[in-house]
Amino acid sequence: MASVEIKPGIHWIGVNDRTTDLFEGIWPISKEGVSYNSYLIDDEKKAVIDLAKAFKTDNFFRQIERVTDLASIDYLVVNHMEPDHTGVIHTFRQINPRVVILATPKAKKMLESFYQLTADIREAADGETLSLGKHTLRFHHIPFVHWPETMATFDETARVLFSCDAFGSYGALKGALFDDECTDFDFYMKEAVRYYVNIVAKFSGPVLKAIEKLAPLPIEVIAPSHGLVFRKNPGVIVDLYRKLAGYATGPGDKAVTLVYGSMYGNTEMMMNAVAQGISREGVPVEIFDAARTHSSYILTSLWTKAGVMIGAPTYEGSLFPPLEQALRMAVLKQVKNRTAAMFGSYGWSKGALAQIKKITEPAGWKMSAELEFPGGPTTDLLARGEDFGAEFARVIRAL
Ligand code: FEO
């Protein structure tokens, strides 16, 4: 995509990434892609706000050159030090050794440890301003959204908030940059949820603090570092982030995540019966095969839904490993206080339930019921499984 002027003198100079298969080396984006949004303010003094991942150096510098000469940039604002936004910084500095970098004190330390950069880095205090001529930038520290060194930059003249990771989403841009031009808005909202749960959810407290801190600003445009730029209705993405952050302490929606694994189809057979019972009660259920679905996608459901039905065979006296991985990731990502139930087949001894409890109880999950059975389920047992699912749905509905 060519650069886009988002307000007079402010240019989007980001790049799309449809090559990286795993964001942060963990989260799948091979189908969805991601954008690294960067912005250039072309004023009496010129500033670039945030950069791009290292392997996009050539594309990124070409974006700058569409607007101005790279050597003419006066300031580089590093809102967030993570390498998806700073990977090109070394080359940037080599081409333009006079550029002054502005970053929080913590980011300054990280620039040294990650890139051995120490010269001409100015600490941007919380609330400090920088005049570029017509445009005045003000820096607002928003620690832990997403790293401890993060800040957002507000252009007080143009009323544009450069929020970096906050209000971002997965999803490479499909030719349209703005919310009002995008013909696939739901895709970005769905990917904003997955991005939030994968990347930011653990820091939901700081997210709410940041939203509160930035609320008094007269924001007209939210320009994050991933995904769409919001100019028609910035409140939509703020409301979504506020709602998602609320799940960290709230009970979750009255719906069920059914996550299961099956070695020879016995637990899967029971899963279908249990799902039928849940659906019979009209409670929404989302089903994931843990062995075939990356935890990135399972997490979005676990984060937002109050109920977790776990279909887990016993494997070598313990929990089926793909479920162990999914549940450990959920606990790591602070999915707390869920109401759960489990079912599953075992061969000669049980063990799955004990391991599920060991993993999830420290996160405040409560096991409301279990249905373990040896070998394959009989027809009578499948009927019991359907009732088991229905009873769990009623428990969730009554929360
Ligand atoms: Fe987009 Fe936390 O980096």
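Residues numbered from 1 in each chain as written. Predicted model: local features only at pLDDT ≥ 70, side-chain atom pairs only at ≥ 80, totals over all residues. Heavy atoms only, no water.

### So, the side chain of Asp179
Positionally, Asp179 belongs in the loop between β15 (160-164) and α5 (185-200). Buried charge Asp179 goes without a salt bridge, the closest partner of opposite sign being Arg231 at 5.0 Å. At 3.1 Å, the side chain of Asp179 forms a polar contact with the backbone nitrogen of Arg231. (Helix = DSSP H or I, 4+ residues; strand = E, 2+ residues; numbered from the N terminus. Buried < 20%, exposed > 50% of the residue type's maximum accessible area, 1.4 Å probe, protein only. Lys, Arg positive; Asp, Glu negative; His and termini not counted. Salt bridge = Lys/Arg side-chain N within 4 Å of Asp/Glu carboxyl O. Polar contact = N/O pair within 3.5 Å; in protein donor to acceptor, adjacent residues only side chain to side chain.)

### What about the domain arrangement of the chain?
The domains assigned to the chain are domain 1 (4-246) and domain 2 (253-397). Taking only C-alpha atoms, the centre of domain 1 and the centre of domain 2 are 39 Å apart. If you look at the interface, domain 1 gives 14 residues, while domain 2 gives twelve residues. Looking at the side of domain 1 facing domain 2, the largest losses of area belong to Trp27, Val197 and Lys202, adding up to 43% of the total buried there. Inspection of the domain 1/domain 2 interface yields zero salt bridges. If you list the elements that add at least two residues to the side of domain 1 that touches domain 2, you get β5 (27-28) and α5. Here the side of domain 1 that touches domain 2 gets five residues from one element, more than from any other, and that element is α5. (Domains from an automatic or database assignment. Contact = heavy atoms within 4.5 Å. Buried area = accessible area lost by both parts, 1.4 Å probe.)

### What to know about the nonpolar core
In terms of nonpolar packing, the biggest core is built from 119 residues, with Phe60, Ile64, Tyr196, Ile237, Ile310 and Trp365 touching the most fellow members. No other element matches α5, which puts ten residues into this core. Counting the residues that make up this core, at least three belong to each of domain 1 (4-246) and domain 2 (253-397). Apart from residues no more than four positions distant in its own chain, Ile237 is found in contact with Phe167, Met189, Ala192, Ile222 and Phe230. Counting 20 residues, the second-largest nonpolar core is a separate cluster that includes Met270, Met271, Phe343 and Phe373. (Core = buried A, V, L, I, M, F, W, Y, C linked by side-chain atoms within 4.5 Å.)

### Some thoughts on the pattern of salt bridges
Across all of its chains, the model carries 20 salt bridges by this definition. A salt bridge links Asp42 to Lys46; its shortest N-O distance comes to 3.8 Å. According to the relative accessible area criterion, Asp42 is partly exposed, its value standing at 31%. Its relative accessible area of 17% is what places Lys46 among the buried residues. With a closest N to O distance of 3.0 Å, Arg394 and Glu281 form a salt bridge. Of this pair, Arg394 sits in helix α12 (residues 379-397) while Glu281 sits in the loop between α8 (266-280) and β18 (285-289), placing them 113 residues apart in sequence. The exposure class assigned to Arg394 is partly exposed, which follows from its relative accessible area of 34%. When salt bridges with common partners are traced through the structure, they connect Glu281, Glu391, Arg394 and Arg397 into a single cluster.

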